[in-house]
Amino acid sequence: MKRIMSKVYLCTAIPYVNGHPHIGHAMDYLLADTYARYRRGCGDEVRLQVGTDEHGNKVFRKAQDLGLTVEEFARENSDRFRHFVEKLNVQYTDFIRTTDPEHVKRCQEIWQRLEPHIYAAEYDGWYCEGCERFVTQKEYDENGGLCPDHQKPYEKLAEKNYYLRIQDFKDQIRAKIESGEMEILPVFRREEALRLLEDAPDISISRSRKQLSWGVEVPGDPEQVMYVWIDALSNYITVLGYPDEDIAAWWPATAQFIGKDILRFHAITWPAILLGLGLPLPKRLVTHGYVLADGQKMSKSIGNVVDPVAVLDKHGLEAFRYFFLRHIDTFADSDFSWEKFEDAYNNELANDLGNLVQRLATLCRKNQISGRPGFAIELAAEYQELMEKFEFTKAFDYVWKLVHAANRTIDAEKPWELAKKGETERLEEVLGGLVEQLLTIADLLAPFLPKTAEKIQEIFAKEQILPPGKPLFPKEAKK
RNA sequence: CGCGGGAUAGAGCAGUCUGGUAGCUCGUUUGGCUCAUAACCAAAAGGUCGUUGGUUCAAAUCCAACUCCCGCAACCA
């Protein structure tokens, strides 16, 4: 059956550049990249956006602390994320920075188009003179009304802000979530979003320039600067060229990948902006959970933050991708621990798969079995279904069944005995079948572990099969 | 009574919608094999399915109440 090639647009949340890449960022990227590779493998044309969110006071202040210009600091951190994405072998097509002049210009145009839904009102809240900023009620309560940095009580202060009238869109958003026009995955997040929507207030979308200088100026009001929402969220379409270019070929996005913490903004604020612009909503919001460290949320104060670069360095990229795509649940919170990571590497990658490649390649070489250049399969329906539902851990389980089956076949057929007995025909049949099995495994693995899939293909799609010079997944010498 | 998620073998999970002898992976023990990265294959041990009550011939699964963990609640991945 021939599929009609389609265009697929995938978006990842753009991280705020006041910090370094976190393991949670890797989840966005890996999920999106895996799906992107899967769809490319199906013959679709895929565009994958990544980028960085760079405005705001936190970045501004951090730059000052470090004695850098804010531009330098933002660029440095943006580059850090870009390198991280590349280190993860994510095939992105677009990298957007919210400080890109094009983006700034476009998001001002977006603001203007939204003006029928924008109104000015007094914002009043708790303000710290020393910090020169408002704090949330929550922060106020936590600190007992006293700024911890300046030991001064917060004062009640009011200033003009622009607000986006979320109320204009609530009914439409609810209808689109309920009808599945914008599908929110997993289902329990959809329920959560509908609940959040019920009492979603209008949101403040600007600050006075005194409050917030590092940001996009509000068109027609130089005293006001855009607060994060319109600036950051609109990146998903400004990167496509909106409103200068026609984006209908790519928008609505096939899927947007986000962490559960930003569900609210992507399920309410972002749809409101899109509806205000007369644009369709993304087809799916894929909401992943958190990566926990030994059962706890990673946090700087607890000091249990796992550095993704350290994990990458331990056993390499493929092991990293393997663990986070197979053992970190796509939707629920899951645990990372070094022990689990090591176990998965040794037992599954090295023993099950790596060793299988090794033993089969050796058997083939010894018995002069040739590879299968150009061998191609149709992806099994079960696998395709899982991939389409972003059930990546389950898709992996499916692949691993084939890995086990291959190991079982070798043990049951005992090719070495067939060779001894001179049963050449049977031998060729068995090993040939296994070679095809391995190439099938490589195809299924390709979206997850592109380099591993490639290596397997290099070995078994060649006329002459040779065992890899180095094991695919070397284990440390055990004593 | 803010909202949501969870509680199933030593660990991590599936099964719950559509009741019917409790399943997977890792770990443990034993056996087999020797092509292979001391890898692979097979078998076994191990669970009153959070608690209590109800419905039913039958409940991990449906209903009710309760207990305990975790997350979210204006940018903290």
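Per chain, residues are indexed from 1 in the order of the written sequence. Think of it this way: whatever chain is written first is A, whatever ligand is written first is 1, and the rest follow in order. Reporting in this predicted model follows two pLDDT cut-offs: at least 70 for local features of residues, and 80 or more for side-chain atom pairs to be given and counted; totals over whole chains, interfaces and linings ignore these cut-offs and use all residues. Hydrogens and water molecules were not included; the side-chain quantities draw on all heavy atoms of the structure.

Asks: When you look at the layout of surface pockets in this model, what are you seeing that I'm missing?
Replies: Regions of empty space are outlined by a rolling probe, equal in size to a water molecule, passed over the atoms. Grid points spaced at 1 Å and placed over the protein atoms alone form the basis of the search, with a cavity being a set where a 1.4 Å probe fits but cannot get out and a pocket an open set showing protein on both sides within 12 Å along at least five of seven lines. Lining residues have an atom within 4 Å of a point. Grid points are joined across faces, edges and corners, and a volume is the space filled by probe spheres set on the points. Approximately 530 Å³ is the volume found for the second largest pocket. Lining the second largest pocket are 22 residues, with Tyr38, Gly41, Cys42, Leu379 and Asp443 positioned closest to its centre. Each helix is a run of H or I in the DSSP string that is no shorter than four residues. Each strand is a run of E no shorter than two, and both are numbered from the N terminus. Secondary structure elements with two or more residues in the lining of the second largest pocket: α1 (23-41), α14 (381-388) and α18 (450-460). For this classification, the nonpolar set comprises Ala, Val, Leu, Ile, Met, Phe, Trp, Tyr, Cys and Pro, the charged set comprises Asp, Glu, Lys and Arg, and every other residue, Gly included, is treated as polar. Per-class residue counts for the lining of the second largest pocket are 11 nonpolar, 5 polar and 6 charged.

Asks: Just checking my understanding: could you explain the sheet that holds strand β10 (residues 217-218) for this structure?
Replies: Within a sheet, neighbouring strands are paired by backbone hydrogen bonds and run either parallel or antiparallel to one another. Read from one edge to the other, the open sheet built from 3 strands follows the order β9-β11-β10, with strand pairing classed as antiparallel. One side of each edge strand has no neighbouring strand; the edge strands of this open sheet are β9 (206-208) and β10. Whether two strands pair depends on DSSP finding at least two bridges between them. In this sheet, strand β11 (residues 221-226) lies alongside β9 in antiparallel orientation, the contact comprising 3 bridges. Paired with Ser208 across the two strands is Gln224, which belongs to β11.

Asks: How should I be thinking about the protein's contact with RNA strand B in this particular structure?
Replies: Nearness here has a simple test: a residue counts as near a molecule or strand if at least one of its heavy atoms is within 4 Å of that partner. Contacts to RNA strand B come from 40 residues, most closely from Tyr227, Lys297, Asn355, Arg359 and Asp411. Atoms of RNA strand B within 4 Å of the protein belong to the sugar or the phosphate in 59% of instances, the rest to bases. Within the side chain of Arg408, a nitrogen or oxygen atom sits 3.5 Å from a phosphate oxygen of RNA strand B. Identification of polar contacts relies on pairs of N or O atoms within 3.5 Å, with a donor-acceptor requirement for protein atoms, meaning one able to donate a hydrogen and the other able to accept it, and with residues adjacent in sequence counted only if both atoms are side-chain atoms. A distance of 3.4 Å is found between a sugar or linking oxygen of RNA strand B and a side-chain nitrogen or oxygen belonging to Lys475. Of all the secondary-structure elements, those providing two or more residues to the surface near RNA strand B are α1, α7 (187-198), α13 (338-366) and α15 (392-413). Of all the elements, α13 adds the most residues to the surface near RNA strand B, at 13 residues. Broken down by class, the residue content of the surface near RNA strand B amounts to 13 nonpolar, 12 polar and 15 charged.

Asks: Even after reading the chapter, I still don't get the packing of aromatic side chains, so can you show me in this structure?
Replies: What characterises a pair of aromatic rings is the spacing of the ring centres plus the angle enclosed by the ring planes. A pair of Phe, Tyr and Trp rings is counted when the ring centres sit within 6.5 Å of each other, with Trp represented by its six-membered ring. The angle between the planes then sorts it: under 30 degrees is stacked, over 60 is edge-to-face, the rest tilted. All told, the structure shown has 29 aromatic pairs when counted by the stated rule. Taken together, a centroid distance of 5.5 Å and an interplanar angle of 80 degrees make the contact between Phe336 and Trp338 edge-to-face. Taking relative accessible area as the criterion, Phe336 reaches 1% and is therefore assigned buried. The partly exposed category is assigned to Trp338, whose relative accessible area is 37%. Centroid distance Phe396 to Phe448: 4.4 Å. Interplanar angle 40 degrees. Geometry classified as tilted. On the criterion of sequence distance, the pair formed by Phe396 in helix α15 and Phe448 in the loop between α17 (424-445) and α18 is long-range, its members being 52 residues apart. Of the two residues, Phe396 and Phe448, both sit in the buried class. With a 1.4 Å probe rolled over the protein chains alone, any residue whose accessible area is under 20% of its type maximum counts as buried; one over 50% counts as exposed, and the rest are partly exposed.

Asks: Can you walk me through unusual backbone geometry in this structure?
Replies: Trans is the common state for peptide bonds, and a negative phi is the common state for residues other than glycine. With an omega of 0 degrees, the peptide bond between Tyr242 and Pro243 qualifies as cis. Geometrically, the link from Trp251 to Pro252 is a cis peptide bond, its omega value of 10 degrees lying close to zero. Inspection of the secondary structure assignment puts Pro252 in the loop between α9 (235-238) and β12 (255-259). Despite not being glycine, Asn89 shows a phi value in the positive range, around 60 degrees. Along the chain, Asn89 turns up in the loop between α3 (70-87) and β3 (94-97). Backbone geometry places Phe390, a non-glycine residue, at a positive phi of 60 degrees. Following the sequence through the fold, Phe390 ends up in the loop between α14 and α15.

Asks: Can you walk me through the side chain of Asn161 in this structure?
Replies: With respect to the secondary-structure elements, Asn161 resides in strand β6 (residues 155-164). For Asn161, the side chain forms a polar contact with the main-chain oxygen of Ser206, separated by 3.4 Å. A polar contact is formed between the side chain of Asn161 and the side chain of Arg207, at a distance of 3.2 Å. Contact between two residues is taken to exist if any of their heavy atoms lie within 4.5 Å; hydrogens are not considered. With residues up to four places along the chain from it excluded, the contact list for Asn161 reads Tyr119, Ala120, Ala121, Tyr123, Ser204, Ser206, Arg207, Ser208 and Gln224.

Asks: Explain the pattern of salt bridges here, please?
Replies: One side chain can pair with another of opposite charge once the charged atoms of both are near each other. What counts as a salt bridge is simple: a side-chain nitrogen of Lys or Arg found within 4 Å of a carboxyl oxygen of Asp or Glu. Following the criterion strictly, the structure yields 34 salt bridges and no others. One salt bridge in this structure joins Glu388 and Arg39, with 3.9 Å as the shortest N-O distance. Separated by 349 residues along the polypeptide, Glu388 in helix α14 and Arg39 in helix α1 bring together distant segments of the chain. Accessibility expressed as a relative area gives 31% for Glu388, which makes it partly exposed. In this structure Arg39 comes out as buried when scored by relative accessible area, which is 9%.

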